[in-house]
Amino acid sequence: MPQEKYCLGSELANKKLPVYVVYEDEYVTCILDHAPFNDGHTLILPKKHFKEVEELNVDTANAIMKASILVSKAIKLLYKPDGITICQNGGIFNELTHYHMHIVPRYENQSFSDFYLEDETENDNKVKNLRDVMLKLQEAIYAVK
């Protein structure tokens, strides 16, 4: 696998840029999305660079799934969504050029297509303080662990 010159996802996963970490282990870092669809919208990023899902090794893939279960339980406890959407965008749709999984709490009146709207101002109004969301979600993760 050729070495990437710069990978935003690797920078985020390894906390070389400011992030709001809700959970991490030796394989993954779970951070709040900077433009969340709803409070609690979390990204799971492997610490090692992988671009596409088929590149993941077994240990990292297992860590991603375990983290997705843990974060989903915590989101359900904290925000009581009507459902959770878990997705991953590959190929030209992978804006981080690094594998990442979205954990998105959703409510009955929200269409899945709304998740892909690019209205940053609407997202700015949804979460006023990512630090507060991070602290609440960390507490919920601790409670469901």
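This is a predicted model, so every value here is computed, not measured. (Residues numbered from 1 in each chain as written. Predicted model: local features only at pLDDT ≥ 70, side-chain atom pairs only at ≥ 80, totals over all residues. Heavy atoms only, no water.)

## As for the nonpolar core
Membership of the largest hydrophobic core comes to 25 residues, with the highest contact counts inside it found for V22, C30, I44 and I141. Listing elements by their share of this core, those giving two or more residues are β1 (21-24), β2 (28-32), α2 (58-79), β5 (101-106) and α4 (130-144). Looking at this core, the element that brings in the most residues is α2, giving eight residues. Other than its neighbours up to four places away in sequence, I44 contacts V28, T29, C30, I64, A67, S68, Y99, H100, M101 and I103. Ranked by size, the runner-up nonpolar core spans seven residues in total, among them L12, I31, L43 and L96. (Core = buried A, V, L, I, M, F, W, Y, C linked by side-chain atoms within 4.5 Å. Buried < 20%, exposed > 50% of the residue type's maximum accessible area, 1.4 Å probe, protein only. Helix = DSSP H or I, 4+ residues; strand = E, 2+ residues; numbered from the N terminus. Contact = heavy atoms within 4.5 Å.)

## Quick notes on the UniProt feature "active site" (unreviewed entry) in the protein
Here, the residues flagged by UniProt with the feature "active site" (unreviewed entry) are H102. Relative to the helices and strands, H102 is located in strand β5. Of note is the side chain of H102, whose polar atom sits 2.9 Å from the side chain of H41. (UniProt positions renumbered as here; feature names shortened; annotations may be inferred. Polar contact = N/O pair within 3.5 Å; in protein donor to acceptor, adjacent residues only side chain to side chain.)

## A few points about the pattern of salt bridges
For the structure shown, the criterion picks out two salt bridges. We note a salt bridge from E24 to K47, for which the minimum N-O separation is 2.8 Å. Placement of E24 in strand β1 and of K47 in the loop between β3 (42-46) and α2 is noted, with a sequence separation of 23 residues between them. Judged by relative accessible area, E24 falls into the partly exposed class, the value being 30%. Looking at K47, the relative accessible area reads 23%, which means it is partly exposed. (Salt bridge = Lys/Arg side-chain N within 4 Å of Asp/Glu carboxyl O.)

## Section: α2
The end-to-end C-alpha distance of α2 is 31 Å, a good match for the 32 Å that 22 residues give at a rise of 1.5 Å each. All of the buried residues along α2 are T60, A63, I64, A67, S68, L70, V71, S72, A74, I75 and Y79. The inward-facing, buried residues of α2 abut β1, β2, β3, β4 (83-87), β5 and α4. In the stretch just after α2, K80 is the one whose phi turns positive, near 50 degrees. (Expected span 1.5 Å × (residues − 1).)

## Structural notes on the sheet that holds β5
With antiparallel pairing, the five strands of this open sheet are ordered in space as β1-β2-β3-β5-β4. Taken across any chain shown, the strands that pair with only one partner, and hence form the sheet edges, are β1 and β4. On average, each strand axis in the sheet is inclined to that of its neighbour by 20 degrees, with strand direction left out of account. Where β1 meets β2, three bridges bridge the pair, whose relative direction is antiparallel. Its bridge partner lying in β2, Y23 is registered against C30. (Pairing = 2+ DSSP bridges. Axes fitted to C-alpha atoms, helices over the stretch in contact; angles between N-to-C directions.)

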